[in-house]
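Examining the three-dimensional arrangement
Listed here are the chains, written in short residue letters.
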Amino acid sequence: MDVSTLFNVKDKVVLVTGGSRGIGLMIAQGFVANGARVYISSRKAAVCDGVAAELNKQGPGRCFSIPADLQKLDDVKHLVAELSKREKELHVLVNNAGANWAAPIGQYPDEAFQALMSLNVNRVFTLTQGLLPLLEAAASDASPASVINIGSIDGLRTPPHETYAYAASKAALHQLTRVMAGQFGHKRITVNAVAPGPFASKMMEETLKNSMDVILATCPLERIGQPTDMAGVCLFLASKAGSFVNGAILPVDGGIIVKARI
């Protein structure tokens, strides 16, 4: 029961949506650094291709780019078809692509609410549904396939900002995770969610710039998340070490949601 075997993801096929920046990039880097074959997808083709090229320089795993705008159903179908052409199995699916929107209740546009619910919930379902045959092909009793949905602590608490659709969509994603876990277990596919707190990402850029002192004051560990924090939990869930974890929502937030407010 050595660590190198317990957490081994070498040669596993991994897809990370939204993998060209932020939390998705942190996760992709972790898998590439540990020998996996990683596919990343994001809206901007040039950025996606460039990030894949950079990760290939780091190794020892490999990274490949399949650009797609997951708001568009045709792009979701393209991503499924393209990955299916290249691989016969998918060991790990990381549903990370998502969006946020904050505005006062009186100014919150309906189209923003609809777009967030679509990308953050509907498209996670659609993509997972489309890739189920590849996940089933990779799954076994000894080594289940793994779906990792990236939720948020704002889906577990009342958020401090007016992010109505974001918080609601992440709570829905957490419940979708539980439903999938119950349905997919007999297929030897585990489904779990990670609920990150504050990490350095484009989505969090303004919040960190304006509210860093408040964030640090509410976090028992008195820091924001680092790339290794996010990569580590995903490597755990995708490896033998996490193969009996199913239907869990794992906060990765330094304890923010359990700290009492004074």
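Structure first, text after, so check above.
Everything numeric in this text was worked out from a predicted model, so none of it was measured.

Of regular secondary structure, the protein possesses 8 helices and 7 strands. The C-alpha atoms of the protein give 18 Å as radius of gyration, which agrees with the globular expectation for 262 residues (18 Å, within 12%). Considered along the principal axes of its C-alpha atoms, the protein spans approximately 50 × 45 × 40 Å. Counting across all 262 residues of the protein, residues that qualify as buried make up 50%.

This part covers the packing of aromatic side chains. Considering all chains together, one arrives at 3 aromatic pairs under this definition. With centroids separated by 6.1 Å and ring planes inclined at 70°, the aromatic side chains of Y108 and F113 adopt a geometry described as edge-to-face. Relative accessible area serves as the criterion here: at 32%, F113 is assigned to the partly exposed category. Put simply, the rings of Y108, F113 and Y164 touch in pairs and so form one group of aromatic residues.

With that settled, consider the packing of helix 5 (residues 110-138) against helix 6 (residues 164-184). Between helix 5 and helix 6, the least distance of the axes is 8 Å, while the angle of their chain directions is 20°. Accordingly, the angle class assigned to the pair helix 5 and helix 6 is roughly parallel. When the axes of helix 5 and helix 6 are compared, the crossing they make is right-handed. On the side of helix 5, the interface is formed by F113, L116, M117, N120, V121, V124, F125, T128 and L132, while helix 6 contributes Y164, A165, Y166, A168, S169, K170, A172, L173, L176, M180 and F184.

Okay, unusual backbone geometry next. Omega for the bond connecting G59 with P60 falls within 30 degrees of zero, at -5°, which places this linkage in the cis form. Within the fold, P60 resides in the loop between helix 3 (45-58) and strand 3 (62-65). The phi torsion at D11 lies on the positive side, around 70°, for a residue other than glycine. Within the fold, D11 resides in the loop between helix 1 (3-6) and strand 1 (13-17). Although it is not a glycine, E222 sits at a positive phi angle of roughly 55°.

Going residue by residue along strand 3, you find C63 and S65 tucked away on one face and R62 and F64 left uncovered on the opposite face. Summarising the sheet, strand 2 (residues 37-41) and strand 3 pair through 4 bridges and their orientation is parallel. The residue of strand 3 that forms the bridge with Y39 is F64. For the crossover that starts at strand 2, traverses helix 3 and ends in the parallel strand 3, the hand is right-handed.

To continue, consider the sheet that holds strand 2. In space, the 7 strands of this open sheet follow the order 3-2-1-4-5-6-7, with parallel pairing throughout. Edge positions in the sheet fall to strand 3 and strand 7 (249-252), since each has one partner strand and no second. Here the strands of the sheet are splayed against their neighbours by 20° on average, with no regard to which way each runs. Pairing geometry for strand 5 (residues 145-150) and strand 6 (residues 189-196), over 6 bridges, is parallel. Each bridged residue has a counterpart across the sheet, and for I150 the counterpart in strand 6 is V194. Relative to the sheet, helix 4 (residues 73-86) contacts strand 1, strand 2 and strand 3, its axis offset from that of strand 2 by approximately 160°.

The next point concerns the nonpolar core. When a protein is soluble and globular, its nonpolar side chains tend to lie buried together. L15, L90, L127, L131 and I189 are the most contacted members of the largest nonpolar core, which totals 31 residues. The set of elements that each furnish at least two residues to this core consists of strand 1, helix 4, helix 5, strand 5, helix 6 and strand 6. Per-element accounting of this core gives the leading share, 8 residues, to helix 5. Beyond its immediate sequence surroundings of up to four residues, L15 is in contact with Y39, L79, L83, L90, V92, L93, V94, L127 and L131. Of all hydrophobic cores here, the second largest spans 30 residues; its members include F31, V38, V51 and V94.

Analysis parameters
- Residues numbered from 1 in each chain as written.
- Predicted model: local features only at pLDDT ≥ 70, side-chain atom pairs only at ≥ 80, totals over all residues.
- Heavy atoms only, no water.
- Helix = DSSP H or I, 4+ residues; strand = E, 2+ residues; numbered from the N terminus.
- Rg over C-alpha atoms; globule rule 2.2 N^0.38 Å.
- Buried < 20%, exposed > 50% of the residue type's maximum accessible area, 1.4 Å probe, protein only.
- Phe/Tyr/Trp six-rings, centres within 6.5 Å; stacked < 30°, edge-to-face > 60°.
- Axes fitted to C-alpha atoms, helices over the stretch in contact; angles between N-to-C directions.
- Parallel < 35°, antiparallel > 145°, perpendicular 65-115°, else oblique.
- Left-handed = near helix turned anticlockwise from the far one by under 90°.
- Contact = heavy atoms within 4.5 Å.
- Pairing = 2+ DSSP bridges.
- Right-handed = clockwise from strand over helix to strand, strands pointing away.
- Core = buried A, V, L, I, M, F, W, Y, C linked by side-chain atoms within 4.5 Å.

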